[in-house]
Amino acid sequence: MSRLSIQKLRKSWGDPPAADDIDFTVESGEFVALLGPSGCGKSTTLRMIAGLEAPDSGHIYLNDKEITHLSPGKRDLAMVFQSYALFPHLSVRENILFGLQVRKVSKEEQKRRLNFVIELVDLGSHLHKKPGQLSGGQCQRVALARAVISEARLCLMDEPLSNLDAKLRAEMRSELRALQQRLGMTVLYVTHDQTEAMSMADRIILLNRGRIEQIGRPEELYNQPATTFAAQFIGAPPMNLIRIENRVLGVRPEHIQLVQPGMGLKSSHRAVVKGCDYLGADTLIQLQLDEHSLQLRITGHQKLQPGSSLEISWAEQDQHSFCRTSGQRVAADALQEQHIEYTKKETHYAA
Amino acid sequence: MNRTQQLHAWLLLLPALVMLAAFTHTPAVQTLLHSFYDNPMGGKPSGFVGMENFELLLEDEIFWQVLWNNTWYGLVTVPASIALALTMAIWVNGRLEGRAIVRLAYFTPTVLPMIAVANIWLFFYTPEIGLLNNVLGWFGIDGINWLGDPDFALPSLMAMTIWKEAGFFMIFYLAALQGLDRSLYEAAAIENAGRWQVFQRITWPLLMPTTLFIFINALINAFKLVDHLFILTKGGPNNASNLLLYYIYENAFSFFDTAYAATLTTVMLIILALLAWLQFGVLDKGVHYR
Ligand SMILES: Nc1ncnc2c1ncn2[C@@H]1O[C@H](COP(=O)(O)OP(=O)(O)O)[C@@H](O)[C@H]1O
Ligand SMILES: [Mg+2]
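The structure contained in this document is the topic of the report that follows. Only a predicted model underlies this, so the values are computations on that prediction, with no experimental measurement involved.

Considering the site of ligand 1
All names here are of chain A.
Consideration 1: Inspection of the region around ligand 1 gives Trp13, Ala18, Pro37, Ser38, Gly39, Cys40, Gly41, Lys42, Ser43 and Thr44 as its neighbouring residues.
Consideration 2: At 2.6 Å, a backbone N or O of glycine 39 approaches an oxygen atom of ligand 1.
Consideration 3: Considering only residue class, the shell around ligand 1 consists of four nonpolar, five polar and one charged.

Written out as structure tokens, the structure reads:
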């Protein structure tokens, strides 16, 4: 039912614009993440949709109705703020009911919705406390409850989990996603954390310097990054980029394999170990391949002496190629003609 | 804390304690004692008279009038100046950037002494050439002797006090408004809360600590600030605009009745103590502090 459509949205406070040429849709019941580094214009975009910031140009539609110039309260949407924006002098109960009271919803309806929401976010025993008496996670739940109880068509969230510690953040992540699916909420979720976006979102809108870099499902962004920026932003540690002539070649650290020396594999390369980071489940190895620095991720605890050499290889389908000047992905067909760049260097090694 | 640390602490406190005792506590206690004695007369030292001074006070019509004047003065000027200060602060807050307000707070001319303010208002109120009567004259209304008419003298003083106090209190409200979290207002806007709802449910309760602070200050000022009386009315005509502190001054330095002045001062101290108790004991309980 609820469908958000953004067309050519732009906002600028100077050069470069904070958001420019923003075009996307959010379908009903969809969880879409607005992802990008800090300062790339995520909040600006979200706040324009909420009506807290006036766009310079462009259009916003919610269910085919233009809302570009409506006041925030008339747009029928809810918002969860990064700072939670809970009213410090009101109890949890009053905080959650604030919107319904302001909108003069009947007492019975208020009670019914409150009971439902309280159950949902598990706040039953804290109803009469003030926000100051709650933990970060509990404040987060109150903010969430306040958004859910409004039964708005669209729920906007601006980095709602960023003030929580790592463990709680991971918990809330799955809880939030489960809640969204259970209620069929339409959510536009701002985050700078790619893990958060990858694990929660149906689709990701990747933003860079106020512009959209790529839109797609998480696996699309991972498997077919449209630009070198997308390639490096999605995935941890970031994709290795090797600059060769007019191309940039990309391989993810987890896609590089170790090869037994002397196996004579045609596409293997010899690299020198620079250092190891043990991460628990796996080990991150820094390598020097000719003049390029690479990272390699292998499972288990691997102790490798700096200076020792390794034989590495990667599958052809795990290799990405980008234009060196524009940073744009080069299509697979085009790749076929040129064939894999790095094998050329190999011949030099074999010689 | 060990002994040396405690000694150290007391030593550090000592200068302040000595000053406080010498110039505040001792005179207060002496005044209190003095109110049970009569005036020394012609070489005869003052003698203990028990409650005689207080009996005199209860029969003193001027005392009752002055107390009544002062009560009225407080009841009108305190709420009016608070309301005016808050209105102005909210109005200005929407139009000024944060830093400008902070600067304004520092360099504000509202620290203007009461005497100076009174001189300005004297120009407004003067019967023949005064600004107010001139303005009334344009509309063909007869001028009023603002400070000379017993019906208008006290209200005229109140108007000036409200003007002066409101400007001063506005700065406190402005600073408090600047400290409020913007996102609270955005959250309210998304819930479609109207201006009045936002004021009533968010701004007013969050400003409560400031309001309480201002309220107590205004109340104490209503008893404490009498500088303008020296310039404008000298308590007249016929005590119509006389206030408690000015009456104390008159008794002590015009009539040289120090015993009676001490008695009046004791009453004043009791009133101020009650006001302090009102703040700390009663009002503080219902306020949300951050
Ligand atoms: N109110 C404002 N006035 C001026 N510049 C702003 C304002 N809000 C944001 N910006 C600028 O716009 C850019 C994008 O900001 P923002 O949308 O908050 O980024 P983020 O992606 O971290 O949420 C930043 O360079 C920021 O400095
Ligand atoms: Mg932001």
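Quick word on the interface of chain B and chain A
Consideration 1: Contact with chain B, which involves 17 residues of that partner, is made by 25 residues of chain A.
Consideration 2: Area buried by chain B at its contact with chain A is led by Ile190(B), Glu191(B) and Arg201(B), which between them contribute 39% of it.
Consideration 3: On inspection of chain B and its partner chain A, the count reaches one salt bridge.
Consideration 4: With its nearest N and O atoms 2.8 Å apart, the salt bridge here joins Glu186(B) to Arg47(A).

Regarding helix H12 (residues 244-254) of chain B
All names here are of chain B.
Consideration 1: Of the positions making up H12, those classed as buried are Leu244, Tyr246, Tyr247, Ile248, Glu250, Asn251 and Ala252.
Consideration 2: Lining the buried residues of H12 we find helix H3 (61-93), helix H11 (227-232) and helix H13 (258-282).
Consideration 3: Within two residues after H12, phenylalanine 256 carries a phi angle of roughly 50°, on the positive side.

A word on the nonpolar core
Consideration 1: Counting 96 residues, the largest nonpolar core has Leu4(A), Phe24(A), Ile49(A), Leu156(A), Leu188(A), Phe63(B) and Leu244(B) as its most contacted members.
Consideration 2: Counting residues per element, this core draws most heavily on helix H7 (residues 150-179) of chain B, which supplies 12 residues.
Consideration 3: Ignoring sequence-local partners within four residues, the contact set of Phe63(B) consists of Leu57(B), Leu244(B), Tyr247(B), Tyr260(B), Leu264(B) and Val267(B).

What to know about a nonpolar patch on the surface
Consideration 1: Among the surface-exposed residues, Leu7(B), Leu11(B), Leu14(B) and Val18(B) lie close enough to one another that they form a single nonpolar patch of about 380 Å² accessible area.
Consideration 2: Turning to its location among the elements, Val18(B) is positioned in helix H1 (residues 3-34).

Comments concerning empty space enclosed by the protein
Consideration 1: Applying the stated criterion across every chain yields a total of one cavity of 30 Å³ or more.
Consideration 2: Each pocket or cavity is described by its volume, and for the largest cavity that value is around 60 Å³.
Consideration 3: Around the largest cavity, the lining residues are Ala78(A), Met79(A), Phe81(A), Arg146(A), Ala187(B), Ile190(B) and Glu191(B).
Consideration 4: Listing elements by their share of the lining of the largest cavity, those giving two or more residues are strand E6 (77-80) of chain A together with helix H8 (182-190) of chain B.
Consideration 5: A breakdown of the residues in the lining of the largest cavity according to their chemical character gives five nonpolar, no polar and two charged.

Here's the deal with the packing of aromatic side chains
Consideration 1: Counted according to the given criterion, the structure contains 14 aromatic pairs over all chains.
Consideration 2: Aromatic pair Phe87(A) and Phe98(A): ring centres 4.6 Å apart, planes at 45°, arrangement tilted. Taken together, the residues span a long stretch of sequence, with Phe87(A) in the loop between E6 and helix H2 (92-102) and Phe98(A) in helix H2 at a distance of 11 residues.
Consideration 3: Its relative accessible area of 0% is what places Phe87(A) among the buried residues.
Consideration 4: Plain terms: the ring middles of Trp68(B) and Trp72(B) are 6.3 Å apart, the flat faces sit at 80° to each other, and that makes the pair edge-to-face. Taken together, the residues span about one helical turn, with Trp68(B) and Trp72(B) both in helix H3 at a distance of four residues.
Consideration 5: We classify Trp68(B) as exposed; its relative accessible area is 53%.
Consideration 6: Here a set of aromatic residues connected by ring pairs shows up, and it is made of Phe168(B), Phe169(B), Phe172(B) and Phe213(B).

Digging into the sheet that holds strand E12 (residues 247-251) of chain A
The strands making up a sheet associate through hydrogen bonds between their backbones, and the pairing can be parallel or antiparallel.
All names here are of chain A.
Consideration 1: Spatially, the three strands line up as an open sheet ordered E11-E12-E18, and their pairing is antiparallel. Bordering the open sheet on either side are strand E11 (240-244) and strand E18 (319-323), each of which pairs with just one other strand. For this sheet, the mean inter-axis angle between neighbouring strands, taken without regard to orientation, is 25°.

Things to note about unusual backbone geometry
All names here are of chain A.
Consideration 1: Following aspartate 15, the chain continues into proline 16 via a peptide bond in cis, with omega recorded as -5°.
Consideration 2: Residue position: proline 16 is located in the loop between strand E1 (4-11) and strand E2 (19-26).
Consideration 3: Cis geometry is adopted by the peptide bond preceding proline 237, which originates at alanine 236 and carries an omega value of -10°.
Consideration 4: In this model, glutamate 159 sits at a positive phi of 45°, which is unusual for a non-glycine residue.
Consideration 5: Counting through the fold element by element, glutamate 159 comes out in the loop between strand E7 (154-158) and helix H5 (166-183).
Consideration 6: Positive phi, normally seen in glycine, also occurs at glutamate 245, with a value near 50°.
Consideration 7: With respect to the secondary-structure elements, glutamate 245 resides in the loop between E11 and E12.

So, the packing of H8(B) against helix H9 (residues 195-206) of chain B
All names here are of chain B.
Consideration 1: At a minimum axis distance of 11 Å, the contact between H8 and H9 shows a crossing angle of 165°. Relative to H9, the element H8 lies roughly antiparallel. Here H8 runs over H9; the crossing is right-handed. On the side of H8, the interface is formed by Leu184, Tyr185 and Ala188, while H9 contributes Val198, Ile202, Thr203 and Leu206.

With respect to the pattern of salt bridges
Residue and element names in this part refer to chain A.
Consideration 1: Within the structure shown, the criterion is met by 22 salt bridges over all chains.
Consideration 2: Among the ionic pairs, lysine 8 bridges to aspartate 21, the shortest N-O distance being 3.2 Å. Of this pair, lysine 8 sits in strand E1 while aspartate 21 sits in strand E2, and the two are 13 residues apart along the sequence.
Consideration 3: Owing to a relative accessible area of 33%, aspartate 21 belongs among the partly exposed residues under this scheme.
Consideration 4: Residues joined in a network through salt bridges with shared partners are Lys8, Arg10, Asp20, Asp21, Asp23 and Arg211.

Calculation notes
- Residues numbered from 1 in each chain as written.
- Chains lettered and ligands numbered in written order.
- Predicted model: local features only at pLDDT ≥ 70, side-chain atom pairs only at ≥ 80, totals over all residues.
- Heavy atoms only, no water.
- Near = heavy atom within 4 Å.
- Polar contact = N/O pair within 3.5 Å; in protein donor to acceptor, adjacent residues only side chain to side chain.
- Nonpolar A, V, L, I, M, F, W, Y, C, P; charged D, E, K, R; others polar.
- Contact = heavy atoms within 4.5 Å.
- Buried area = accessible area lost by both parts, 1.4 Å probe.
- Salt bridge = Lys/Arg side-chain N within 4 Å of Asp/Glu carboxyl O.
- Buried < 20%, exposed > 50% of the residue type's maximum accessible area, 1.4 Å probe, protein only.
- Helix = DSSP H or I, 4+ residues; strand = E, 2+ residues; numbered from the N terminus.
- Core = buried A, V, L, I, M, F, W, Y, C linked by side-chain atoms within 4.5 Å.
- Patch = residues over 30% accessible without salt bridge, like charges linked within 9 Å, V, L, I, M, F, W, Y side chains within 5 Å.
- Areas by Shrake-Rupley, 256 points an atom, 1.4 Å probe, with all protein chains shown as cover.
- 1 Å grid on protein atoms, 1.4 Å probe; cavity = no way out; pocket = protein on both sides within 12 Å on 5 of 7 lines; lining within 4 Å.
- Points joined across faces, edges and corners; volume = space filled by probe spheres on them.
- Phe/Tyr/Trp six-rings, centres within 6.5 Å; stacked < 30°, edge-to-face > 60°.
- Pairing = 2+ DSSP bridges.
- Axes fitted to C-alpha atoms, helices over the stretch in contact; angles between N-to-C directions.
- Parallel < 35°, antiparallel > 145°, perpendicular 65-115°, else oblique.
- Left-handed = near helix turned anticlockwise from the far one by under 90°.

The quantities given are spatial measurements derived from coordinates; they are silent on function.
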